[in-house]
Amino acid sequence: MVNALMQYARTPEIFIQLPSNGNFGSRVQLSPDGELGVCAMNTRDELNLRNPEMLLNGEAILRMIESCCPDIEDVRNHPVCDMEPILLAIRAASSDRGIELNATCPECSHQNEYEIDVHEMLATTKKLEKSYQVELSNGVQVSLKPFTLQDAVKQTLEQFKQARTLDNLVPSEMSTDPNLQKITQALNSIAVNILELTANAIIQIMDRDGNPMDVSHADIVEWLNSISSKDGKKIEAMLTKINDSGMNKEVTLVCSECEHHFKTELSIDQSNFFDTSS
């Protein structure tokens, strides 16, 4: 039996352009204008955002996007370059208020409070190209795509885990063998994680003659571990470029005390970006 109440369920409050534009293997249903519909948060989303464990492991954000963006069929494997515009859109759909920003004037040191217009920031979103390639020093061509949301969460968790391990070491005992071993293990774990994520972001590798190479994920990881630092940095630089939303997060502010104009960058911190107090 059809639930008659569902005709009054949430509908999209805002439509946005995505940097990925539905490319890079994303499974998303866009509007005829090529935009993603975004709904406001529901009560469960807000409760999840109050759960410290779900915030820490990224589950609160992933579930919120699944809830507010039902036209994304596979949120966890969606390109991470779309995350910041999506989070901004969810914020705009869920609250009439802008983003609160506290900034210190560099001229007179006055503490200022501002409210940033989300819609103005969303208007600066830029679309990525359909494909990205990097040519290495030996002529090998590497086709890349952005990290997935799940991979980005995994990277953040791994970095947090290893940073906590290092923070727990006693500085005066840092040079002892057990602590040196822990430091080595932490750095190795981060390096392995980066190799795995980089391999996940490789779509195809072509040899120097332009022929696609039939290689497995394990082959790619082993190969990445053997290439030169120079070639590794080329791949890293391209991934940094395509993982970014391209959205202009720099805002121009005016000090309420001395009227000095200055610029700062808005940090979209997932752990405190959403106001769930009301």
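Here is what the cut-offs are and how they apply
Residues numbered from 1 in each chain as written. Predicted model: local features only at pLDDT ≥ 70, side-chain atom pairs only at ≥ 80, totals over all residues. Heavy atoms only, no water. Buried < 20%, exposed > 50% of the residue type's maximum accessible area, 1.4 Å probe, protein only. Helix = DSSP H or I, 4+ residues; strand = E, 2+ residues; numbered from the N terminus. Patch = residues over 30% accessible without salt bridge, like charges linked within 9 Å, V, L, I, M, F, W, Y side chains within 5 Å. Areas by Shrake-Rupley, 256 points an atom, 1.4 Å probe, with all protein chains shown as cover. Salt bridge = Lys/Arg side-chain N within 4 Å of Asp/Glu carboxyl O. Lys, Arg positive; Asp, Glu negative; His and termini not counted. Charge placed at Lys NZ, Arg CZ, Asp CG, Glu CD. Pairing = 2+ DSSP bridges. Axes fitted to C-alpha atoms, helices over the stretch in contact; angles between N-to-C directions. Phe/Tyr/Trp six-rings, centres within 6.5 Å; stacked < 30°, edge-to-face > 60°. Core = buried A, V, L, I, M, F, W, Y, C linked by side-chain atoms within 4.5 Å. Contact = heavy atoms within 4.5 Å. Parallel < 35°, antiparallel > 145°, perpendicular 65-115°, else oblique. Left-handed = near helix turned anticlockwise from the far one by under 90°. Nonpolar A, V, L, I, M, F, W, Y, C, P; charged D, E, K, R; others polar.

Caption draft 1: Geometry of helix 3 (residues 59-68). Within helix 3, eight of the 10 residues are buried, leaving the element largely enclosed by the surrounding structure. The complete set of buried residues in helix 3 reads Glu59, Ala60, Ile61, Leu62, Met64, Ile65, Ser67 and Cys68.

Caption draft 2: Structural view of a negative patch on the surface. Together, Glu100, Glu113, Glu115, Asp117 and Glu120 give the surface a local cluster of negative charge. With respect to the helices and strands, the residue glutamate 113 is situated in strand 4 (residues 111-116).

Caption draft 3: Quick peek at the sheet that holds strand 7 (residues 202-206). In spatial order, the strands read 5-6-7; together these three strands make up an open sheet with antiparallel pairing. Each edge of the open sheet is held by one strand with a lone partner, namely strand 5 (132-135) and strand 7. The sheet shows a mean angle of 20° between the axes of neighbouring strands, direction not considered. In the sheet, strand 5 pairs with strand 6 (residues 141-144) via four bridges, with the strands oriented antiparallel. For tyrosine 132, the partnering residue across the bridge sits in strand 6 and is leucine 144.

Caption draft 4: Representation of the packing of aromatic side chains in the model. Evaluated as defined, the whole model comprises one aromatic pair. Between phenylalanine 24 and tyrosine 132 the ring centres are 6.3 Å apart and the planes differ by 25°, which places this aromatic pair in the stacked class. Taken together, the residues span a long stretch of sequence, with phenylalanine 24 in the loop between strand 1 (14-16) and strand 2 (36-38) and tyrosine 132 in strand 5 at a distance of 108 residues. Each of the two residues, phenylalanine 24 as well as tyrosine 132, counts as buried.

Caption draft 5: Looking closely at the nonpolar core. In this structure, Ile16, Leu36, Ile65, Ile86 and Leu144 are the most contacted members of the largest nonpolar core, which totals 71 residues. Broken down by element, this core gets its largest block of residues, eight residues, from helix 4 (residues 83-94). Leaving out residues up to four positions away in the same chain, leucine 36 has contacts with Ile14, Phe15, Ile16, Leu18, Val28, Gln29, Leu30, Cys69, Asp71, Ile72 and Ile86.

Caption draft 6: Here's a closer look at the packing of helix 3 against helix 4. Between helix 3 and helix 4, the shortest axis-to-axis distance is 11 Å and the interhelical angle comes to 65°. When the axis of helix 3 is compared with that of helix 4, the two are roughly perpendicular. Here the hand of the crossing between helix 3 and helix 4 comes out left-handed. Touching Ile61, Met64, Ile65 and Cys68 of helix 3 are Ile86, Leu87 and Ile90, all from helix 4. Here the contact of helix 3 with helix 4 is composed, by residue class, of seven nonpolar, no polar and no charged.

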